[in-house]
Amino acid sequence: MSLALFDLDHTLIAGDSGSLWAHHLIERGAVDAERHARENGRFEAEYRAGTLDFDRYTAFALEPLAAHPLETLLAWRVEFVEAHIRPVLQDKAFELLERHRDAGDTLVIVTATNRFVTEPIAELLGVPHLLATEAERIDGRYTGRATGVPCFQAGKIRRLEAWRTETGHALEGAWFYSDSHNDIPLLAHVARPVAVDPDPVLAQHARSRGWPVISLRG
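Keep in mind that what you see is a predicted model, and the values were worked out from it rather than measured.

Draft legend 1. Molecular detail of the overall build of the chain. Helix and strand counts for the chain stand at nine helices and seven strands. A compact globule built from 218 residues would reach a C-alpha radius of gyration of about 17 Å, and the chain, at 17 Å, matches this within 12%. Each of the three principal axes of the chain carries a C-alpha extent, and together these read 45 × 35 × 30 Å. A buried classification covers 50% of the 218 residues belonging to the chain.

Draft legend 2. Region of interest: helix α4 (residues 70-85). Within the sequence span of α4, burial applies to Leu73, Trp76, Arg77, Phe80, Val81, His84 and Ile85. For α4, the elements touching its buried residues are α1 (17-27), α3 (54-67), α6 (115-125) and β4 (141-147).

Draft legend 3. Main features of the sheet that holds strand β5 (residues 175-178). Read across the sheet, seven strands follow the order β4-β3-β2-β1-β5-β6-β7 without closing on themselves; strand pairing throughout is mixed. The outermost strands of the open sheet, each flanked by one partner alone, are β4 and β7 (213-214).

Draft legend 4. Molecular detail of empty space enclosed by the protein. Applying the stated criterion to the full structure yields one cavity of 30 Å³ or more. Approximately 140 Å³ is the volume attributed to the largest cavity. Lining the largest cavity are 18 residues, with Gly18, Tyr57, Ala61, Leu62 and Asn114 sitting closest to its centre. Secondary-structure elements contributing two or more residues to the lining of the largest cavity are α1, α2 (33-49), α3 and β2 (106-114).

Draft legend 5. The arrangement of the nonpolar core in detail. Core analysis: the largest hydrophobic core is formed by 37 residues, its most contacted members being Phe6, Leu12, Trp21, Leu65, Ile109 and Leu125. Other than its neighbours up to four places away in sequence, Leu65 contacts Trp21, Leu73, Asn114, Phe116, Ala135 and Tyr142. Among the nonpolar cores identified, the runner-up in size contains 20 residues, and Leu5, Ala174, Phe176 and Leu186 belong to it.

Draft legend 6. Geometry of the environment of Arg86. In this fold, Arg86 is placed in the loop between α4 and α5 (91-102). Judged by relative accessible area, which is 42%, Arg86 ranks as partly exposed. The spacing of Arg86 and Ala154 is 68 residues in sequence and 30 Å in space, taken between C-alpha atoms. Those residues in contact with Arg86 that lie beyond four places of it in its chain are Val81 and Leu124.

Draft legend 7. Layout of the packing of aromatic side chains. Overall, the coordinates contain 10 aromatic pairs when judged by the stated rule. Between Tyr47 and Phe152, the ring centres sit 6.2 Å apart and the planes meet at 40°, which makes this aromatic pair tilted. Of this pair, Tyr47 sits in helix α2 while Phe152 sits in the loop between β4 and α7 (154-167), and the two are 105 residues apart along the sequence. Pairwise contacts between aromatic rings join Phe43, Tyr47, Phe54, Tyr57, Phe60 and Phe152 into one cluster. The lysine or arginine in question, Arg42, covers the ring of Phe43, its NZ or CZ lying 4.6 Å from the ring centre. Taking the ring centre of Tyr142 as reference, the NZ or CZ of Arg137 above it sits at 5.6 Å.

Conventions adopted
- Residues numbered from 1 in each chain as written.
- Predicted model: local features only at pLDDT ≥ 70, side-chain atom pairs only at ≥ 80, totals over all residues.
- Heavy atoms only, no water.
- Helix = DSSP H or I, 4+ residues; strand = E, 2+ residues; numbered from the N terminus.
- Rg over C-alpha atoms; globule rule 2.2 N^0.38 Å.
- Buried < 20%, exposed > 50% of the residue type's maximum accessible area, 1.4 Å probe, protein only.
- Contact = heavy atoms within 4.5 Å.
- Pairing = 2+ DSSP bridges.
- 1 Å grid on protein atoms, 1.4 Å probe; cavity = no way out; pocket = protein on both sides within 12 Å on 5 of 7 lines; lining within 4 Å.
- Points joined across faces, edges and corners; volume = space filled by probe spheres on them.
- Core = buried A, V, L, I, M, F, W, Y, C linked by side-chain atoms within 4.5 Å.
- Phe/Tyr/Trp six-rings, centres within 6.5 Å; stacked < 30°, edge-to-face > 60°.
- Lys NZ or Arg CZ within 6 Å of the ring centre and 35° of its normal.

In short, shape yes, function no, at least from these values alone.
See below:
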């Protein structure tokens, strides 16, 4: 029995849940469409380039949560999962999760995208543990601010180690699956790193380190 850690976006699902949520908000008329599309596209490009200012991105991503009542947000999220997440689910991802489940491994999603967006996706995938960027909530309403350590780059290691301290899980023999060079710190932190449909930087890094490279597409 080992830890089986998974990135979410472009790894377990064939898309980016944060961007898909942004598109859904635009469709619902919940945000300024032109500004939101422009800023989201800019942050996506910075993420791919490895130059993302994660604090700025998080402030942008959490703005809509503060602008609307929780009841409305939850209703939109149900629509979002049906319209945008189910179409990007991957059979091979479910098969991979099932193999680790059958082996008795503890399944954990470790994602930079905030918990509000990713929690129902983890449930849909049947993954019981989720480490995600946390959105602050006071008196039942989101504030638009993040709380705790951002679950991004080396922050994923800090979040994982804090979770392991709380739960008592060992790191020995742990797996981590990811598509992104932003996750190289956590990939290098585990015994069994696996690059999944990797971006060019991670693909080159994986080849140089002899890490396995797999695809969950198709």
